[in-house]
Amino acid sequence: MIICADDYGLREDIDRAILGLCSLGKLSAVSCMVALERCGADALQRLLAYQAKVDVGLHLCLADETLPASVFAATAQSRPHFPAYGVCLRRALLGRVPVRELFRQISAQYQLFLQKCGRRPDFIDGHLHVHQLPGVREGLIEFVQSLPANTRPYLRNTREPLRNLWRERLPWLKAALIGALGRRMLGRLRAAGLLTNDGFAGVYDFRHWRRYPEYFPRFVACLSDRNGILVVHPGSQEAWRRQEFATLRECEFNSGTLHRFQDRVPSAAKS
């Protein structure tokens with residue numbers, strides 16, 4: 001099982017939490033937002049200290065999550081401007097995603113990764129799972145196929161059979177919607193002969209973050225393959241709805257559930 005922490009480079013507290021888990025041997029992959037200006041070479045070098053046991057990947061930013069344009073790094077073309085996720089989703093479902101433009105954006109972020117890390121990413125996925133949307137996934141697959149075969153990263157898919165979620169009494173509606181995109185992505189990746197994971201877990205309604213400690217072992221139980229991915233979002237200082245409660249990211253980091261499964265966390269695994 002691969003435990004992958006997303007959003008490295010988004011905020012300082014997230015970076016600290018992820019680095020702390022890496023130092024304890026609790027993570028086997030970390031996904032980096034190199035499109036953000038603050039996700040610079042210095043921050044990435046701190047993470048790369050663990051690269052012998054942790055896969056370091058590219059977390060594509062292709063949809064705006066209320067982040068101001070000033071936080072994005074400049075590319076060879078200019079500072080990128082990303083539409084809101086809802087706009088992205090609507091365009092994708094209507095078949096209005098320009099594949100060539102997505103190819104260019106993905107290529108630019110891949111080059112940023114190379115520049116900032118001094119090495120290729122082990123894998124690629126997308127913030128808000130946007131890399132699986134129709135049109136976006138075609139641009140991503142085309143880009144990865146353009147790379148030399150022996151340098152191609154593995155790509156995340158979010159397919160998880162509903163029977164696993166029902167068996168473990170996990171919330172299934174959000175996971176089913178994201179999983180449907182993952183199922184299509186998995187089919188495209190296999191047809192293209194590209195590496196991907198078998199199994200995915202960690203999706204829940206963030207409004208119910210207080211239940212994360214009980215969800216975590218059930219997520220683990222969903223993943224039987226060595227290269228199944230459990231996605232986590234450790235950190236702090238991200239209030240959800242009410243300031244007086246602990247935050248979503250603090251709950252994922254501090255609940256202790258990550259630490260109970262140390263012997264279930266392998267070093268980086270690829271199929």
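Our structure is the block above this text.
Residues numbered from 1 in each chain as written. Predicted model: local features only at pLDDT ≥ 70, side-chain atom pairs only at ≥ 80, totals over all residues. Heavy atoms only, no water.

A. Local environment of the packing of aromatic side chains. Inspection of every chain in the model, using the stated rule, returns 11 aromatic pairs. Consider the rings of Y212 and F216, whose centres lie 6.0 Å apart with planes at 55°: the pair is tilted. Here Y212 and its partner F216 are both found in helix α8 (residues 212–222), four residues apart, which amounts to about one turn of the helix. An aromatic cluster is present here, built from Y204, F206, Y212, Y215, F216 and F219 joined pairwise through their rings. The positively charged end of K174 is found above the aromatic ring belonging to F206, 4.0 Å away from the centroid. One residue, R210, lies across the ring of W209, its end atom 4.6 Å from the ring centre. (Phe/Tyr/Trp six-rings, centres within 6.5 Å; stacked < 30°, edge-to-face > 60°. Helix = DSSP H or I, 4+ residues; strand = E, 2+ residues; numbered from the N terminus. Lys NZ or Arg CZ within 6 Å of the ring centre and 35° of its normal.)

B. How the structure looks around empty space enclosed by the protein. Per the stated rule, a full pass over the model turns up one cavity of 30 Å³ or more. Its volume calculated, the largest cavity comes out at about 80 Å³. Listing elements by their share of the lining of the largest cavity, those giving two or more residues are α7 (173–192) and β6 (200–201). Counting residues per element, the lining of the largest cavity draws most heavily on α7, which supplies three residues. (1 Å grid on protein atoms, 1.4 Å probe; cavity = no way out; pocket = protein on both sides within 12 Å on 5 of 7 lines; lining within 4 Å. Points joined across faces, edges and corners; volume = space filled by probe spheres on them.)

C. Representation of unusual backbone geometry within the structure. With phi around 80°, D7 is a residue other than glycine that occupies positive phi space. Here D7 lies in strand β1 (residues 2–8). Phi at L128 takes a positive value of approximately 65°, unusual for a residue other than glycine. Structurally, the position occupied by L128 is in the loop between β4 (123–126) and α5 (136–145). Taking the relative accessible area as the measure of exposure, L128 reaches 28% and is therefore partly exposed. (Buried < 20%, exposed > 50% of the residue type's maximum accessible area, 1.4 Å probe, protein only.)

D. Geometry of the environment of D55. Along the chain, D55 turns up in strand β3 (residues 55–60). Between the alpha carbons of D55 and V30 there is a distance of 6.3 Å; along the sequence they are 25 residues apart.

E. Representation of the packing of helix α4 (residues 99–117) against α5. Their axes nearest at 8 Å, the elements α4 and α5 cross at an angle of 55°. On the basis of the axis angle, α4 is oblique to α5. Classified by chirality, the crossing of α5 by α4 is right-handed. Packed against α4, whose contacting residues are V99, R100, L102, F103, I106, S107 and Y110, the element α5 presents V136, E138, G139, L140, E142 and F143 at the interface. Residues of the contact of α4 with α5, tallied by class, amount to eight nonpolar, two polar and three charged. (Axes fitted to C-alpha atoms, helices over the stretch in contact; angles between N-to-C directions. Parallel < 35°, antiparallel > 145°, perpendicular 65-115°, else oblique. Left-handed = near helix turned anticlockwise from the far one by under 90°. Contact = heavy atoms within 4.5 Å. Nonpolar A, V, L, I, M, F, W, Y, C, P; charged D, E, K, R; others polar.)

F. A look at the pattern of salt bridges. Taken as a whole and assessed by the stated rule, the structure comprises 16 salt bridges. With a shortest N-O distance of 2.2 Å, E138 and R188 are connected by a salt bridge. Taken together, the positions of E138 in helix α5 and R188 in helix α7 put the pair 50 residues apart, joining distant regions of the chain. Several salt bridges share partner residues, and in doing so they unite E12, D15, R16 and R38 into one network. (Salt bridge = Lys/Arg side-chain N within 4 Å of Asp/Glu carboxyl O.)

G. Layout of the sheet that holds β6. What the seven strands build is an open sheet, ordered β5-β4-β3-β2-β1-β7-β6; its pairing is parallel. Looking along the sheet, the strands with just one partner apiece sit at the ends: β5 (154–155) and β6. Of the pairings in the sheet, the one linking strand β2 (residues 29–32) to β3 comprises four bridges and is parallel in character. When the bridges of β3 are listed, S31 appears paired with G57. Helix-sheet contacts for helix α1 (residues 12–23) involve β1 and β2, and the interaxial angle to β1 is about 155°. Contacts from α4 reach β3 and β4 within the one sheet, and its direction differs from that of β3 by about 145°. (Pairing = 2+ DSSP bridges.)

H. Focus on a positive patch on the surface. A cluster of basic residues, R159, R163, R183 and R184, forms a positive patch on the protein surface. Its relative accessible area of 56% is what places R184 among the exposed residues. (Patch = residues over 30% accessible without salt bridge, like charges linked within 9 Å, V, L, I, M, F, W, Y side chains within 5 Å. Areas by Shrake-Rupley, 256 points an atom, 1.4 Å probe, with all protein chains shown as cover. Lys, Arg positive; Asp, Glu negative; His and termini not counted. Charge placed at Lys NZ, Arg CZ, Asp CG, Glu CD.)

Keep in mind these values describe shape, not function.
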